[in-house]
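# Per-entry structural report
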Amino acid sequence: VKLTAFDLSNDEVVHEYVFPKNVAETFSFFNDLSVTPDGRYVFISDVSFFGKKPSLVVYDMIEGKSRNVLDKHSSVRHEGYVPTTPAKKMRFLGGLVDLLVGIDGLDLSRDGQYIYWAPMGHSGLFRLPVELATDFSASEETLWAAVERVGDKPLSDGIRTDSSGNVYITDIEHSGIYVIPPKGEGYTLIKDSRIRWADGMALAGDGHMYLADSDIPNQMLQSKEHMKKNAPYHIFRFKLLN
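Summary of the structure given here. Position labels on residues start from 1 in each chain and follow its written sequence. Reporting of local features is limited, given that this is a predicted model, to residues whose pLDDT is at least 70; pairs of side-chain atoms are given and counted only at 80 or more, and all residues count toward the totals for whole chains, interfaces and linings. Side-chain numbers come from the whole structure's heavy atoms, not from hydrogens or water.

## Digging into the overall build of the protein chain
- Only DSSP runs of H or I covering at least 4 residues are called helices, and only runs of E covering at least 2 are called strands; the numbering of each starts at the N terminus. Tallying secondary structure elements over the protein chain gives three helices and 19 strands in all.
- Principal-axis analysis of the C-alpha atoms places the extent of the protein chain at approximately 50 × 45 × 45 Å.
- Burial analysis of the protein chain (242 residues in total) assigns 47% to the buried set.
- A separation of at least 24 residues holds for 46% of the contacts in the protein chain among residues at least 6 apart in sequence.
- Residue-level accessible areas treat just the shown protein chains as cover; the underlying method is Shrake-Rupley with a 1.4 Å probe. Carbon and sulfur atoms provide 53% of the accessible area of the protein chain, an area that totals close to 12500 Å².
- One finds the centroid of the 26 positive side-chain charges in the protein chain at a distance of 6 Å from the centroid of its 33 negative side-chain charges. Burial classes: relative accessible area under 20% of the type maximum marks a residue as buried, over 50% as exposed, and values in between as partly exposed (1.4 Å probe, protein chains only). By definition in these notes, contact holds between two residues if any of their heavy atoms fall within 4.5 Å. When charges are counted, neither His nor the chain ends are considered; positive counts come from Lys and Arg and negative counts from Asp and Glu. Charge coordinates come from a single atom per side chain, which is NZ of Lys, CZ of Arg, CG of Asp or CD of Glu.

Below is the structure:
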C-alpha cells in the first residue's frame, strides 16, 4: 500500500511512502484520506473488507512513520447493518456476502483540531482530537478513552466538514446528504432520486460542494456490460447556503 503526492503545477511526484506490513496489514483496504492544514499528517481509513480489522491510520510525512489505531474499537466497526438502496439490498452471491463496512468516510475539521470518521454500517459519527491522534507515544487505552460520539447518522459513505463546524454525511440508502451541525439536531439537506450512491464529497473555495455518485449497486461485482448499460455516472454539485 503506497501513498503518493503530486505537484499539480508540473505533474511531478513530490512525496511517496510505502506503508510497512504492520500498518498496511494483509487484506487492508486503504480508502478515504484527509491531510492536516499544515500538511504534516495524513489520516486514512483502512476499511479492511476481507481482513475484518478496520482501523484509523495516521502518517507523519515529516518523520516518515505511520501506525494504525483503534482497530478493535467499536467506533471503527459496523453494527451489522446491510445498506439497502432503492435499487437493491447490498447482498451478493446469493446471500453469501453482505456489504458490512466499518470506518470509511473521514475528514478533518477545517481548523485541524479534530479528525472525524463515519463507519458505513454504523449509526454514529465519531471524532478524536488531532493533537492526541498524532502523538505516536499515546497508548491505545488513551486513544480509546478520548473517542467521542458526535451524533447519530444514516448509513453513509463519504463525509466532509465546513468552516462553520458542520459535518456533511452522504446518506446512501436515501439518495441524499445529511448534516450534523455543531449544535442542535441533525437533518437531511438533500434528497434526490437521481443520486444512486452518494459517495465522496469535496468542498470548493467558491462554496460549492461536489458529490461523486459511484452507483456501487451497479458497479460492485457486476459485469462490464452491466456497468455500460447503467452509464453514465455523475458528479453533482450544490451551493452551500451558510
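## Topic: the pattern of salt bridges
- By definition, a salt bridge exists where a carboxyl oxygen of Asp or Glu is found within 4 Å of a side-chain nitrogen of Lys or Arg. With the rule as written, the count across this model stands at 11 salt bridges.
- A salt bridge links R40 to D60, with the nearest nitrogen and oxygen atoms 2.9 Å apart. Taken as a pair, R40 in the loop between β3 (30-35) and β4 (41-46) and D60 in strand β5 (residues 55-60) lie far apart in primary sequence, 20 residues in all.
- D60 gets classed as buried once you look at its relative accessible area, which sits at 2%.
- The partner of D192 in a salt bridge is R194, and the shortest N-O contact between them spans 2.8 Å.
- Assessed through its relative accessible area of 56%, R194 is described here as exposed.
- If you follow the salt bridges from partner to partner, you end up with R40, D60 and E63 in one network.

## A word on the sheet that holds strand β11 (residues 124-129)
- Any two strands between which DSSP finds at least two bridges are classified as paired. The strand order β9-β10-β11-β12 describes an open sheet built from four strands, whose pairing is antiparallel. Each edge of the open sheet carries a strand with a single partner, namely β9 (103-108) and β12 (148-152). Ignoring strand direction, the axes of neighbouring strands in this sheet form an average angle of 25 degrees.
- Pairing between β11 and β12: four bridges, direction antiparallel. Bridging across to β12, L125 finds its partner in G151. The axes used here are C-alpha line fits, helices contributing only the stretch in contact, and every angle between their N-to-C directions lies in the interval 0 to 180 degrees.

## Points about the nonpolar core
- Residues belong to one nonpolar core when they are buried, are Ala, Val, Leu, Ile, Met, Phe, Trp, Tyr or Cys, and are joined through side-chain atoms within 4.5 Å. Of all hydrophobic cores here, the largest spans 20 residues; its most connected members are F43, L56, L70, I115, W117, L128 and L143.
- For this core, the secondary-structure elements that each account for two or more residues are β4, β5, β9, β10 (114-119), β11 and α1 (130-133).

## Some thoughts on the side chain of D162
- As for its placement among the helices and strands, D162 is situated in the loop between β13 (159-161) and β14 (167-171).
- Despite being buried, D162 has no salt bridge partner; R110 is the closest side chain of opposite charge, sitting 7.1 Å away.
- A 3.5 Å cut-off defines polar contacts: any pair of N or O atoms within that distance qualifies, except that in protein one atom must be a possible hydrogen donor and the other a possible acceptor, and neighbouring residues in sequence count only when both atoms are side-chain atoms. In this structure the side chain of D162 is engaged in a polar contact, spanning 2.9 Å, whose partner is the backbone nitrogen of S164.
- Polar contacts involving the side chain of D162 include one to the side chain of Y168, which spans 2.8 Å.

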